[in-house]
Amino acid sequence: MNNSVYFGFKDITIQYGKKKILENLSVEFPKGKITTIIGKNGCGKSSLLKTVSKAVLPRQGEVIYEGKRLDRYSPKFLAQKIAYLAQVHTSPPDIDVRTLVSYGRYPYSKFGRGLTEKDTVIIDNALERTGLSGLQNQILATLSGGERQRAWIAMTICQEPEILILDEPTTYLDISYQVEVLELIRKLNRELGITIIMVLHDLNLAARYSDLLFAIRNGAVYAGGESSHVLTEKNLEEIFEIEATVFEDTINHCPYFIPIKTI
């Protein structure tokens, strides 16, 4: 990696006890694209993303933004540039949607000052973009799974980030809500130009909603590029140990596969 890298991971090694999960993994993400990381359970996908929030500290390696290590920037500056949404969210049980979304303005707040008129406009815009304007006064716990996930994404939009990192944003959601959330993610990418990096388990949805895929195997990037180059019968066998047939989705212009059996 050189100083022209927009965002990426350099020589990341993550180890739990004596077990190495990732070893010298390096990968760069292009600006303005949706990139999804795929791989078997336990391959290190989520651990890799958690190094951005420092929820996981790598044994070695660096996270790079605009050609510099993240630790060269102030936390407040990074919170204005990079939004990270974990797989599991926690919030007060009685919080309403608008209050949650407003937390996204925290990186811009000044001591002793409440929300400004600009903050209010940005919150309103985030609620509108995520289809939550009519639900803004509802308690978060009363919403459907898809609506709750949209509320958390709306909060990240309020940070006005350049990069949005999503760790398994469709986990625990029914298929209709999965599609709803991924349609929203693609809309935000296309309309706001946000660079999106996420982890998904459903490979067919990953192929449909991503510009690029990166597959992790044995602690390193095994394959990367457009979905048609990554979601192949050979790679499915090598990475996921399944025999499958890959077809072309002529409507969405991406590959999809039907599994036949495990190997």
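Report follows, based on the coordinates.

A look at the overall build of the protein chain
Within the protein chain one finds 9 helices and 12 strands. Taken against the 2.2 N^0.38 rule, which gives 18 Å for 263 residues, the C-alpha radius of gyration of the protein chain at 19 Å falls within 12% of a compact globule. Sequence-distant contacts in the protein chain: of pairs separated by 6 or more residues, those separated by 24 or more amount to 64%. Carbon and sulfur atoms provide 49% of the accessible area of the protein chain, an area that totals close to 13,200 Å². On the protein chain, the mean spot of the 31 positive side-chain charges and the mean spot of the 31 negative ones are 7 Å from each other.

Here we look at the pattern of salt bridges
Considering all chains together, one arrives at 14 salt bridges under this definition. Its salt-bridge partner being Lys20, residue Glu23 comes within 3.2 Å of it at the nearest N-O pair. Assessed through its relative accessible area of 40%, Lys20 is described here as partly exposed. For Asp71, the salt bridge is made with Arg69, and the minimal N-O distance between the two is 3.0 Å. By relative accessible area, which is 48% here, Asp71 ends up partly exposed.

Remarks on unusual backbone geometry
In this structure, Asp11 is a non-glycine residue whose phi angle is positive, near 50°. Relative to the helices and strands, Asp11 resides in strand S1 (residues 7-16). With a relative accessible area of 34%, Asp11 lands in the partly exposed category. The backbone of Tyr172 sits at a positive phi, close to 70°, despite the residue not being glycine. Turning to its location among the elements, Tyr172 is positioned in the loop between strand S7 (163-167) and helix H6 (175-192).

A look at the sheet that holds strand S10 (residues 220-225)
Spatial strand order, S6-S7-S8-S3-S9-S10: 6 strands in an open sheet with mixed pairing. Each end of this open sheet is capped by a strand with a single partner; those strands are strand S6 (82-85) and S10. Taken over all neighbouring pairs, the strand axes of this sheet differ in orientation by 15° on average, direction set aside. Taken strand by strand, helix H1 (residues 45-53) contacts strand S3 (34-38), S6, S7, strand S8 (195-199) and strand S9 (212-217), and its axis lies near 135° from that of S7. Contacts between helix H9 (residues 233-240) and the sheet are confined to S3, S9 and S10, with S10 contributing the most and set at about 160° to the helix.

Focus: H9
Considered for burial, the residues of H9 that qualify are Asn235, Leu236, Ile239 and Phe240. The buried residues of H9 occupy an angular sector of 100° when the element is viewed end-on, so they sit on one face.

Things to note about the packing of aromatic side chains
Using the criterion set out here, one finds 8 aromatic pairs in the structure. Members of the aromatic cluster, connected to one another through ring pairs, are Tyr6, Tyr65, Tyr73 and Phe77. Above the plane of the ring of Tyr108 lies Arg105, whose end atom (NZ or CZ) is 4.2 Å from the centre.

A few points about a nonpolar patch on the surface
Side chains of Phe247, Tyr256 and Ile258 sit close together on the surface and give an oily, nonpolar patch of about 260 Å² of accessible area. Mapped onto the elements of the fold, Tyr256 is located in strand S12 (residues 254-262). Residue Tyr256 is classed as partly exposed on the basis of its relative accessible area, which comes to 33%.

Re the pairing of S8
Two faces belong to every sheet, and in a regular strand the side chains alternate between them. A large share of S8 lies buried, amounting to 5 of its 5 residues. Here S8 shows two buried faces, one formed by Thr195, Ile197 and Val199 and the other by Ile196 and Met198. With 4 bridges connecting them, S3 and S8 associate as parallel partners. Residue Ile34 lies in a different strand from S8, and its bridge partner there is Ile196. Note: S7 against S8, 5 bridges, orientation parallel. Looking at the pairing, Ile165 lines up with Ile197 of S8. For the crossover from S7 across H6 to S8, the handedness is right-handed.

Criteria and cut-off values
For every chain, the first residue of its written sequence is number 1, and the numbers climb from 1 along that sequence. A pLDDT threshold of at least 70 governs which residues receive local features in this predicted model, and a stricter bar of 80 or more applies before side-chain atom pairs are shown or counted, although totals over entire chains, interfaces and linings include all residues. To obtain the side-chain values, all non-hydrogen atoms of the structure were used and water was disregarded. Only DSSP runs of H or I with at least four residues qualify as helices, and only runs of E with at least two residues qualify as strands; both kinds are numbered from the N terminus onward. This radius of gyration counts C-alpha atoms alone. The globule rule is 2.2 Å times how many residues there are, raised to the power 0.38. The criterion used for residue contact is that any of the two residues' heavy atoms lie within 4.5 Å. The protein chains shown are the only cover counted for residues, whose accessible areas, like all others here, come from Shrake-Rupley with a 1.4 Å probe. Charge counting follows a simple rule: Lys and Arg are positive, Asp and Glu are negative, and His as well as the terminal groups are ignored. For this purpose, a charge sits on NZ of Lys, CZ of Arg, CG of Asp or CD of Glu. In the sections that follow, a salt bridge refers to a side-chain nitrogen of Lys or Arg positioned within 4 Å of a carboxyl oxygen of Asp or Glu. The rule is simple: take the accessible area with a 1.4 Å probe, protein chains only, and divide by the maximum for that residue type; under 20% is buried, over 50% is exposed, in between is partly exposed. Any two strands between which DSSP finds at least two bridges are classified as paired. Throughout, an axis means a line fitted to C-alpha atoms (over the contacting stretch in the case of helices), and angles, computed between N-to-C directions, take values from 0 to 180 degrees. Regarding the arc, it is the one traced by the directions from the helix axis to the C-beta atoms. Each pair of aromatic rings taken from Phe, Tyr and Trp, with Trp reduced to its six-membered ring, is defined by centres within 6.5 Å and is described as stacked if the planes are under 30 degrees apart, edge-to-face if over 60, and tilted in the remaining cases. Our definition puts a charge over a ring when NZ of Lys or CZ of Arg is within 6 Å of the ring centre and also within 35 degrees of the ring normal. Residues forming no salt bridge and having over 30% relative accessible area are the ones grouped into patches, like charges within 9 Å of each other and nonpolar side chains (Val, Leu, Ile, Met, Phe, Trp, Tyr) within 5 Å. Place the viewer so that the strands point away; then a crossover is right-handed whenever the path from the first strand over the helix to the second strand goes clockwise.

Just distances and angles here, no functional claims.
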